[in-house]
Amino acid sequence: MRGLLLCCLVALATSETIHYEPSLNPSKTYEYKYEGEVNFGRGLANLAESGVRLTCKIKIVGVSANIFVLQVSGVNFAEFNGVPGKNSFINSPKLAQRLSAQLVKPFLFEYNAGHVGNIRAPAEVSDMVVNIARGILSFFHLTVKTTQRIYQLEEAGIHGLCHSIYATEESTTTKDMTITQVVDINKCREKAATYRGMATTVVDKISGERGESVISNVRYVYTVKPTAEGGLITKAHALEQQHFTPFNVKGGSFKMHAVKEMELLGESVTGEAVTLGTMQSRGDIVFKFVTSNVNIPGMMQNLDDPVTKAVALIKHLAQANIYQIDSATTEDTIKVYQLLRVIPYEGLEAMWTQFHANEEHRRWFLNMIVEVGDDRVLKFLEMRFQAQDLTLVEAWQTLLMSFNHLDARPALVEMAKAFFIIPFSRSHEQLWQTIALAYGSLVNKHCVYYTPCEVTAVEPLLKMATEALKAGDEVAMILALKALGNAGHPGSIKTIMRFIPGVAATPVELHPRVLSAAVQAMRLISSRDPHSVQDITMTVFLQKAIPAETRMMAFTVLFETRPSMALVSTITSHLLEEKDHQVVSFAYSYMGSLAKSITPDNHFLSTACNVAMKILSPKFGRLSFHYSKALHMDWFQNDLLTGTASDIFMLRGATNIFPTDIMMKGKLHFIGRILQVLEFGIRAEGIKELFGTHIPGFKGDFSLSDFKAIFNVLQKWELLPEDKPVLSAYSRASGQEWLYADIDKELLQYIIKAFSPSAGKGSPVWGLIENLQKGISLHETKPFLIFETRFFQASTLGFPLEISKYYESVNGFTVNAKAAATPPMTQHLGQLLNSEIAVETDGYIGCSKDILIFYGINTDMFQCGAELKVKWPTAIPWKFTGKINLREKKLELDLPPLKKPVELFSLTSDVYAVSRNIEDLAAAKITPMMPVAMDANDEIVRAAPDVVQAHSPQVEAPNVWHPRTKMCGESSIYGVSMCVESEVKRAFYHEEYPLYYLMGYTHMAVHLVPAHANNPVDKIHVELDAGPDKHPVNTPQLLNTLRRLSQEATRQLGLSSDTAPNVTTEAWTSIPDAVFILRALAISGNVKPEGYDAAFYYTPEVNIENAQIIVSEIGEETNWKMCSDVLMNTLHMEGNGHIRWGAECQSYQLSMGAATAHLPGSKPTLKTNFQWTTIPEYLQALGKSIEKYIPGMAFLLGFSQQNSANAKQEVSASFVVASADSLDLKIKFPEYTVYRQAIPFPLPAPTSQGIEQEPTNTTTDAVGRA
């Protein structure tokens, strides 16, 4: 018994000395083998993938109790590019050697209780290699609890501070513990991830609830052997999976599959101590991102001797694009950007010295240096400003682009302040504006990445605003407020409030346009300090003494803060008591539009507005169109996680006929972010005073007489005020105002005098014409990196995972022209009105756009992943001679015949599996993800994007969709053919919708190609004649045709019986003159010209607008004509039209008509119909092919269908206004009818009384109704 008790006590004591918590013995050396592999692809059969594999041996050697050394040896690196199962990894010994040169250096790290602490490495080891060491060491970083089988905790790891779930299981035989750790990378409190180029976008958190575009997780499995020192990790395995798509991952995704394994080979007592040199702290286990922007995906080049290479590339680009854009070279611009980013400041100055005297090279260099993005470009620009060796345009655009593409680090923001004190900055008003606005944009970007954002960043703009207010300088006030609006710094609120009545501590009387600028200056602060902005804008909106335009502007900014249901309810209550019709109409229409919004960011706001509309509609539902209006329209698709939104604001004053402000802006919703794409605004400051409250002869129906009345008032422009702008306009891109301008009376006078017929030799127009007579040659090219957005995230292997989007455009034009006037000008411009002007010109305008989406691993040594590449060139060349005779109102053009094919437009895209490494650039692999060879026994054919052989014979898999089309319209008269071709190749999977729409080869193009002509074409003669005594060819036939068309127009489409009595039968005693005649003739030596002749006629009667177009073919033995007639009854709001063509307009016929009806007691209705009697077979076939899709499309759009026997050769539709914001639609086809009720409609319906004229005073006790 005593022996048994002793054995139990010994066993118990032994078990208490065994630990599972990971630990390393400082006196031992542990040797492991390690392998890491990552692949990118779709994970579907027969689709190409790319990947890399790293294998090595590692040793962990103890230095002290908590300090250990990681030693790496036997490094091997291999690349994969092809189809799994058909291709294999290929070793890259040169890259392995380059990587090994750094990896074999010792890495010192702290280790305590299973957690890796500070990591130290020699200074020469790059951050990228240290991250690989982190990937290895992350296998030793875990938390073990023996008291719980399943436990959760938040801990730091290579992916950041993330949530982990652990599960443990102990083997009953070996006592080894298997530990499974799952890390949800999507929900890290401090994720090892970073964005670049996304500062102007707003995160849409609600969009994330509808789907994600990126999801990631990683699972670790450890085998831990218990020892007296602690748990020893004998084996470890990690699997990281990520799904990415430009849309919603629910509809298919690209996949990253990363696996790493580590296995203990042995342990031994440490012999000699490890020799360590100088080591630098490189941080803890959390992945550290390389701050450089040099590693650009989609390409890889040797960066040695960058100045020489950049100079050669810029010269090559300038030469290749000297006349027109060469789309084959435009991707080289990205290479130049990369080279410029590694060139030191002295190198940039040397390039400027070499380029500045050559106009072409100088322009390319200045356009591309803006992408350097750090202190070097600021220093370069500062030197140029000091030396004043840039033109105004060069300084303006270079500074604007440099600031917008600058890395917004605190030090660079501080450097940028220097431009406020350089004398050259104030040399021109537009340049000074650009500096202030661009600096504001830089501060805004700075505040996105650095929180809290110090108020010192915005101090120059606050100083500008304060000084302008003190001096009473309206122009300076507006500039400062616009710059503060770009900055969006919460610290500027107090300064902005000083400009706003009702909230300013010391109110100052300011012009409404200053108040408008002050209110708009808070538009971006609304997302950073919404409560303060709500308080201010709500106060402004409720103050009736403030101008209506300012109150409405405050309302728009208030709703940018996405007010709560409670705040919307408060607004609703105040609107019920509001007396100003302008304010009521604007707020009501805006809330009504928002009530229909379906974008995620308006999810709660639309509900609140919907409730508000139910309260406000009975009182304000029929407000006149002549009041201020706001319109919001949007759409959003959950499968795509993409949508658009647009707003249109029209603000009026109480006594103005026309809007005082018109603003339009558009937003793009994509993958959980919102980008305000473009915004334009116009303020008619002086014009509104010119028109006043009444225009003599203006009826409000915007007929021809109304436009004449407006023109009569505009002729009195000399009455415009001297101290106010006639017109102000601004433009914003990505929410940032980059340009605004005032047109004042002085500028207007200058323009009018310059173009006046009495202007003489001192006129700038005279000088322009003289240059044109000598001959001018203009050429401009502009490379423009429209956006560079990059997302970086850690991977378990320590490789940087990147998702990037690049959009580069190279735009250009060339104009060569020479003119001569007969007789020439001698005294004034008016002499040209009696001269014949001959012009000879050739040129080109076009662009080439390159789009890249990259998903993969991107380092300075290697790249692997998936790339979507799009090339999109557009070109419009021209060459012609012409004559213009203003006295005779005649224009003639002579164009040469087409001798060689011309590509007007093309779009080519494909998705590739790519592999590149810096040690073997020539061996880069770019494999179409859908390989050219689809047969299971074929080898993969690799091809560069520009040499894809899409037409090669191939075996299609069952799920491959591969349509190819080519359609040409040929003219044997002119010897030219226009061809449209397309080819699409997709591997489709129902579970992969909509991603498979994107993945595959796409090509579309439009070409002009020479064609066989009836006769050799010497030239194509085009003539436009709008002078007197114009008669078409074959006048007797024309007279008969016009009479027949006019008589039949009243009965072909009888939508209403009221039409016929109001139309008299026309009978001309003489041939009516055409308004103009257009001819296009092919001239062929002594042969009679062939071509077409088109005559336009306008024959109005009382309440009837009637127009005809007669097109006739000119040539031997031809009688083809096309006759069209359009009739509008302005009294009854009815119209109809006919098109007839063929021999003497007799072969084929189409008719269409529309009429409105609103009888007492009925709802307003619009009826339309489309009839045909005889049409060509190709149109019949086209109609039948379209008809197949109508039932399905109608169903998707929410329509119901009813089988019915309707008119055989007619399609009719009726639109019935069901309510103030909806309509009913019924469409009748020959064999069925589709209909839908209560379709939401964004515009309010007019009332039976028509549109109410604008009252002189809208502030009354009663709410005005139409």
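Residues numbered from 1 in each chain as written. Predicted model: local features only at pLDDT ≥ 70, side-chain atom pairs only at ≥ 80, totals over all residues. Heavy atoms only, no water.

> I'm lost on the overall build of the chain in this one. Help?
When you go through the chain residue by residue, the secondary structure sums to 28 helices and 45 strands. Within the chain, the fraction of its 1266 residues that count as buried is 51%. Within the chain, residue pairs in contact and separated by at least 24 positions form 68% of the contacts whose partners lie at least 6 positions apart. Counting only carbon and sulfur atoms, one obtains 58% of the accessible surface of the chain, whose full area is about 57,900 Å². (Helix = DSSP H or I, 4+ residues; strand = E, 2+ residues; numbered from the N terminus. Buried < 20%, exposed > 50% of the residue type's maximum accessible area, 1.4 Å probe, protein only. Contact = heavy atoms within 4.5 Å. Areas by Shrake-Rupley, 256 points an atom, 1.4 Å probe, with all protein chains shown as cover.)

> Explain the state of the cysteines to me, please; I cannot follow it from the model alone.
The term disulfide refers to a covalent linkage connecting the sulfur atoms of a pair of cysteines. By the definition in use, this model includes four disulfides. Each sulfur of the disulfide joining cysteine 447 and cysteine 453 lies 2.1 Å from the other. Where cysteine 447 bonds to cysteine 453 through sulfur, the torsion about that S-S bond is close to -55°, and the disulfide is left-handed. Grouping residues by exposure puts cysteine 447 and cysteine 453 together as buried. Between the sulfur atoms of cysteine 968 and its disulfide mate cysteine 979 the distance is 2.0 Å. Judged by the torsion about the S-S bond (110°), the cysteine 968/cysteine 979 disulfide is right-handed. Residue cysteine 968 is found in strand β31 (residues 964–971), and its partner cysteine 979 is found in strand β32 (residues 976–987); the two are separated by eleven residues along the sequence. For the chain, numbering the cysteines in disulfides from first to last along the sequence yields the connectivity 1-2, 3-4, 5-6, 7-8. (Disulfide = S-S within 2.5 Å.)

> Would you mind going over unusual backbone geometry with me for this structure?
The omega torsion of the bond from threonine 451 to proline 452 falls at 0°, within 30 degrees of zero and hence cis. Among the secondary structure elements, proline 452 is positioned in the loop between α11 (429–449) and α12 (459–471). Each neighbour pair has its own omega, and for threonine 822 with proline 823 the value is -5°, a cis peptide bond. Structurally, proline 823 is set in the loop between β24 (800–822) and β25 (836–858). Of note, the phi angle at asparagine 46 is positive, near 65°, even though the residue is not glycine. Tracing the backbone shows asparagine 46 in the loop between β1 (28–41) and β2 (49–62). We classify asparagine 46 as partly exposed; its relative accessible area is 29%. If you check the backbone angles, alanine 113 has positive phi at about 55° while not being a glycine. Examined against the element boundaries, alanine 113 turns out to sit in the loop between β5 (107–112) and β6 (115–121).

> How should I be thinking about the nonpolar core in this particular structure?
Nonpolar side chains in soluble globular proteins tend to be buried together. Counting residues in hydrophobic clusters, the biggest one holds 134 residues, and the most contacted among them are Phe385, Phe559 and Met591. No other element matches the ten residues that α11 contributes to this core. When neighbours within four sequence positions are excluded, phenylalanine 385 is seen to be in contact with Ala395, Leu399, Phe419, Ile422, Phe424, Ser425, Leu431 and Ile435. Listed in part, the 95 residues of the second largest apolar core include Leu142, Ile185, Cys188 and Ile857. (Core = buried A, V, L, I, M, F, W, Y, C linked by side-chain atoms within 4.5 Å.)

> So what exactly am I meant to see when it comes to the pairing of strand β7 (residues 150–157) here?
In summary, the side chains of a regular strand alternate between the two faces of the sheet. Only one face of β7 is buried: it carries Tyr151, Leu153, Glu155 and Gly157, and the other face, with Ile150, Gln152, Glu154 and Ala156, is open. When β7 meets strand β8 (residues 160–170), the two strands line up antiparallel, connected through eight bridges. In the strand pairing of β8, tyrosine 151 is matched with tyrosine 166. Where β7 hands over to β8, the hairpin turn is made up of two residues, counted between the paired strands. (Pairing = 2+ DSSP bridges.)

> How should I be thinking about the pattern of salt bridges in this particular structure?
Opposite charge on two side chains allows them to pair when their charged atoms are near. Scanning the entire structure with this criterion turns up 41 salt bridges. Ionic pairing is found between glutamate 37 and arginine 53, a salt bridge with its closest N-O pair at 3.0 Å. Within this pair, whereas glutamate 37 is found in strand β1, its partner arginine 53 is found in strand β2, the two being separated by 16 residues in sequence. Take arginine 53: its relative accessible area is 26%, and that puts it in the partly exposed class. (Salt bridge = Lys/Arg side-chain N within 4 Å of Asp/Glu carboxyl O.)

> Can you help me understand a nonpolar patch on the surface in this one?
Where nonpolar side chains cluster on the molecular surface, the patch consists of Met650, Ile662, Met664, Val677, Leu678, Phe680 and Ile682 and spans about 550 Å² of accessible area. Looking at the nonpolar patch, the elements that each hand over two or more residues are β19 (661–670) and β20 (673–683). Ranked by the residues each element gives to the nonpolar patch, the list is headed by β20, at four residues. Position of isoleucine 662 relative to the elements: it lies in strand β19. (Patch = residues over 30% accessible without salt bridge, like charges linked within 9 Å, V, L, I, M, F, W, Y side chains within 5 Å.)

> When you look at the confidence of the model for the chain in this model, what are you seeing that I'm missing?
Caution applies to low-pLDDT regions: their predicted coordinates should not be interpreted in detail. Mean pLDDT over the chain works out to 87, with 88% of the residues at or above the 70 mark. This model gives residues 1243–1266 a pLDDT under 50, and the stretch forms 63 contacts once residues within four places in sequence are excluded. (pLDDT = per-residue confidence, 0-100.)

> So what exactly am I meant to see when it comes to the side chain of serine 593 here?
Within the element layout of this structure, serine 593 appears in helix α19 (residues 581–594). Ignoring any residue separated from it by four or fewer positions in sequence, one finds serine 593 in contact with Ala630, Leu631 and His632.

> It is not clear to me how the packing of helix α2 (residues 93–103) against helix α3 (residues 127–137) should be interpreted in this structure. Could you clarify?
When two helices pack together, their arrangement is given by the angle between the helix axes and by the axis-to-axis distance. In the contact formed by α2 and α3, the axes pass within 10 Å of each other and the chain directions differ by 80°. Comparing the axis directions of α2 and α3 gives the class roughly perpendicular. Every residue of α3 that contacts α2 at Leu99, Gln102 and Leu103 is listed here: Met128, Val129 and Ile132. A class-by-class count of the residues in the contact of α2 with α3 yields five nonpolar, one polar and no charged. (Axes fitted to C-alpha atoms, helices over the stretch in contact; angles between N-to-C directions. Parallel < 35°, antiparallel > 145°, perpendicular 65-115°, else oblique. Nonpolar A, V, L, I, M, F, W, Y, C, P; charged D, E, K, R; others polar.)

> What should I look at first to understand helix α4 (residues 306–320) in this one?
Two residues of an α-helix separated by three or four positions point the same way, owing to the 3.6 residues in each turn. In this model α4 runs 21 Å from its N-terminal to its C-terminal C-alpha over 15 residues, within 8% of the 21 Å that 1.5 Å per residue would give. Taken together, the buried positions of α4 are Pro306, Ala310, Val311, Leu313, Ile314, Leu317 and Ala318. End-on, the buried residues of α4 take up no more than an arc of 165°, which puts them together on one face. The inward-facing, buried residues of α4 abut α5 (332–340), α6 (345–355) and α7 (359–368). (Expected span 1.5 Å × (residues − 1). Arc of directions from axis to C-beta.)

> Quick question: what am I supposed to make of the packing of aromatic side chains here?
What describes a pair of aromatic rings is the distance from one ring centre to the other and the angle between the planes of the rings. Taken as a whole, this structure holds 41 aromatic pairs when the rule is applied. When the centroid spacing of 6.0 Å and the interplanar angle of 80° are considered together, the rings of tryptophan 352 and phenylalanine 380 count as edge-to-face. With tryptophan 352 in helix α6 and phenylalanine 380 in helix α8 (residues 375–387), this residue pair connects regions lying 28 residues apart in the sequence. Put simply, the rings of Phe541, Phe555, Phe559, Phe586, Tyr590 and Phe649 touch in pairs and so form one group of aromatic residues. Above the face of the tyrosine 195 ring, arginine 673 is positioned so that its terminal group lies 4.4 Å from the ring centre. (Phe/Tyr/Trp six-rings, centres within 6.5 Å; stacked < 30°, edge-to-face > 60°. Lys NZ or Arg CZ within 6 Å of the ring centre and 35° of its normal.)

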